[in-house]
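Residue strings, one per chain:
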Amino acid sequence: MLTYDVVIIGAGGAGMMCAMHAGARGRRVALIDHTTKIGRKILISGGGRCNFTNINTQPGAFVSKNPHFCKSALARYTPEDFIKMVRAHRISYHEKKLGQLFCDGSAGEIVRMLVSECEKAKAEFFLDMRVGRIEKDDSGRFRVQTTAGAFCCESLVIATGGLSIPQVGATGFGYDVARQFGLSIVPTAPALDGFNFTANDLKRFAEITGVSVDSIVTCNKVSFRENILFTHTGLSGPASLQASLYWNPGDYITINLLPELDPRRFLEEKKERGAKAEIKKLLAEILPKRFAERFCEMNQIRGNLSELSEKRMSQLSDALSAWEIYPSGTVGYKKAEVTRGGVDTAELSSKTMETRKVPGLYFVGEVVDVTGWLGGYNFQWAWASGFSAGQVV
């Protein structure tokens, strides 16, 4: 049996952050992962450039059953703290938009940095190793059975992530461990994910696949201003993905297709100037042409602006500024950036991430019921929660 002070299951961002800080305190740390490659989700993030944090990180950008839970960890380990480590490793980066920081090079630089810090702290990696039974003995120590033998430790950290992107190794293992020890799980769902259209909407929008529109998408009173993208199955694009974090089956989303314009005023001014052009051609001045044509067909708007009645003008204006869509669902875990829900924060200490019922057992990262917006927020949660546990395990 291999004996360590700390065993961390999951060698992703949160796990490695925990390992480097625990090791720096002189703790003997083992990182176990069932995959053969470290940080696979980091490597594919941000189009391969890793959106490693967001300088605008604040608690309001996170969804949780307890919205206050994330405050302590985020305050103790900030985006600037991670940026200092990035600079120390001479990794060049840039702000793309909205506070999102990306590597100039590749996401592999972030993985190599984290691995280097873990090795400096003398944390040991055990890859391609599956975990079986986990027990806690009468002395309070954990015994972790793996395909390569047993590990014994005082502190056990679960950093296995959620269910999103199973093709890079995501599983529900962390939730199984939580249930084994009697912890509650907030129901999980794919999040930061595209929407699927109903069968009827699929037919209506089949001809505009690939069209992108700058919009404000609102779901359950939370709004995001970015592009939406029509796909062969539904809606994608940053604004749609953000809204999916707040969407539940049966909900509708509202889309303002003209965030910079009052559509009623635009149409009235055109009419006052004596514009006689077809309405779809006028809308093509402010919207993608294919979309403008399809939108007019869908709303049965035909002919010239001069022929449009006041009632129909109001209906068209309302449709442009508050277009309601009822998605049939989201694309699912295969494409979702993250998993919403997870280990109930009521079971954990917000300062240390330790479970209240089982001393010595910790949960960090995506497996916990804390989910951030698109744009680096979820990586910052991984760094902050991993750091918080690493200070005490």
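Higher on the page you've got the structure.
Predicted model only: the values in this text are computed from it and were never measured. (Residues numbered from 1 in each chain as written. Predicted model: local features only at pLDDT ≥ 70, side-chain atom pairs only at ≥ 80, totals over all residues. Heavy atoms only, no water.)

Q: Whenever I open this one, the sheet that holds strand 17 (residues 323-325) confuses me. Can you help?
A: With antiparallel pairing, seven strands are arranged side by side in an open sheet as 17-16-13-14-15-12-18. Every other strand in the sheet has two partners, leaving strand 17 and strand 18 (329-330) as the edge strands with one partner each. Here three bridges tie strand 16 (residues 253-256) to strand 17, and the two strands are oriented antiparallel to one another. Note that in strand 17 the partner of Ile-255 across the bridge is Trp-323. (Pairing = 2+ DSSP bridges. Helix = DSSP H or I, 4+ residues; strand = E, 2+ residues; numbered from the N terminus.)

Q: Would you mind going over the packing of aromatic side chains with me for this structure?
A: Aromatic ring pairs are defined here through the distance separating the ring centres and the angle between the ring planes. Scanning the entire structure with this criterion turns up 25 aromatic pairs. Summarising the aromatic geometry, the rings of Phe-82 and Trp-383 are spaced 4.3 Å apart at their centres and angled 5° between planes, so their arrangement reads as stacked. One end of the pair, Phe-82, is in helix 4 (residues 79-88); the other, Trp-383, is in helix 13 (residues 377-390), with 301 residues separating them in the sequence. Each of the two residues, Phe-82 as well as Trp-383, counts as buried. When the ring of Phe-126 is compared with that of Phe-151, the centres are 5.0 Å apart and the planes differ by 80°; the resulting orientation is edge-to-face. With Phe-126 in strand 7 (residues 124-126) and Phe-151 in strand 10 (residues 149-158), this residue pair connects regions lying 25 residues apart in the sequence. Each of the two residues, Phe-126 as well as Phe-151, counts as buried. Ring pairing ties together the aromatic residues Phe-197, Phe-205, Phe-230, Phe-291, Phe-295 and Trp-323, which thus form one cluster. (Phe/Tyr/Trp six-rings, centres within 6.5 Å; stacked < 30°, edge-to-face > 60°. Buried < 20%, exposed > 50% of the residue type's maximum accessible area, 1.4 Å probe, protein only.)

Q: Please clarify how the packing of helix 1 (residues 13-24) against helix 13 should be interpreted in this entry.
A: Angle between the axes and distance between the axes are the two parameters that describe a pair of packed helices. Running from amino to carboxyl end, helix 1 crosses helix 13 at an angle of 35°, the nearest separation of the two axes being 7 Å. Seen from above, helix 1 lies across helix 13 with right-handed handedness. Counted together, Gly-13, Ala-14, Met-17, Cys-18, His-21 and Ala-22 of helix 1 and Ala-382, Trp-383, Ser-385, Gly-386, Phe-387, Ala-389 and Gly-390 of helix 13 form the full contact between these two elements. When the residues that make up the contact of helix 1 with helix 13 are grouped by side-chain class, the tally is eight nonpolar, five polar and no charged. (Axes fitted to C-alpha atoms, helices over the stretch in contact; angles between N-to-C directions. Left-handed = near helix turned anticlockwise from the far one by under 90°. Contact = heavy atoms within 4.5 Å. Nonpolar A, V, L, I, M, F, W, Y, C, P; charged D, E, K, R; others polar.)

Q: I tried to follow the sheet that holds strand 3 (residues 51-54) on my own but got confused; where do I start?
A: Backbone hydrogen bonds are what pair the strands of a sheet, in a parallel or an antiparallel way. Ordered by their spatial adjacency, three strands build an open sheet running 3-6-5, and the pairing between neighbours is antiparallel. Each edge of the open sheet carries a strand with a single partner, namely strand 3 and strand 5 (93-95). Strand-to-strand twist of the sheet, defined as the mean angle between neighbouring strand axes without regard to direction, takes the value 25°. Inspection of the sheet shows strand 5 paired to strand 6 (residues 100-103) by three bridges, in the antiparallel sense. Counted as the bridge partner of Glu-95 is Leu-101 from strand 6.

Q: Just checking my understanding: could you explain the side chain of Thr-53 for this structure?
A: With respect to the helices and strands, the residue Thr-53 is situated in strand 3. If sequence neighbours within four positions are ignored, Thr-53 has contacts with Pro-79, Ile-83, Gly-99, Gln-100, Leu-101, Gly-375, Gly-376 and Gln-380.

Q: Sorry, what's going on with the pattern of salt bridges here?
A: As a working rule, side chains carrying opposite charge can pair if their charged atoms are close by. For the coordinates displayed, the defined rule picks out 20 salt bridges. A salt bridge links Lys-97 to Glu-226, with the shortest nitrogen-to-oxygen separation between them at 2.6 Å. Here Lys-97 is found in the loop between strand 5 and strand 6, whereas its partner Glu-226 is found in strand 14 (residues 222-230), with 129 residues between them in sequence. Residue classification places Lys-97 among the partly exposed positions, given a relative accessible area of 34%. The network of salt bridges with common partners includes Asp-5, Arg-27, Arg-141 and Glu-154. (Salt bridge = Lys/Arg side-chain N within 4 Å of Asp/Glu carboxyl O.)

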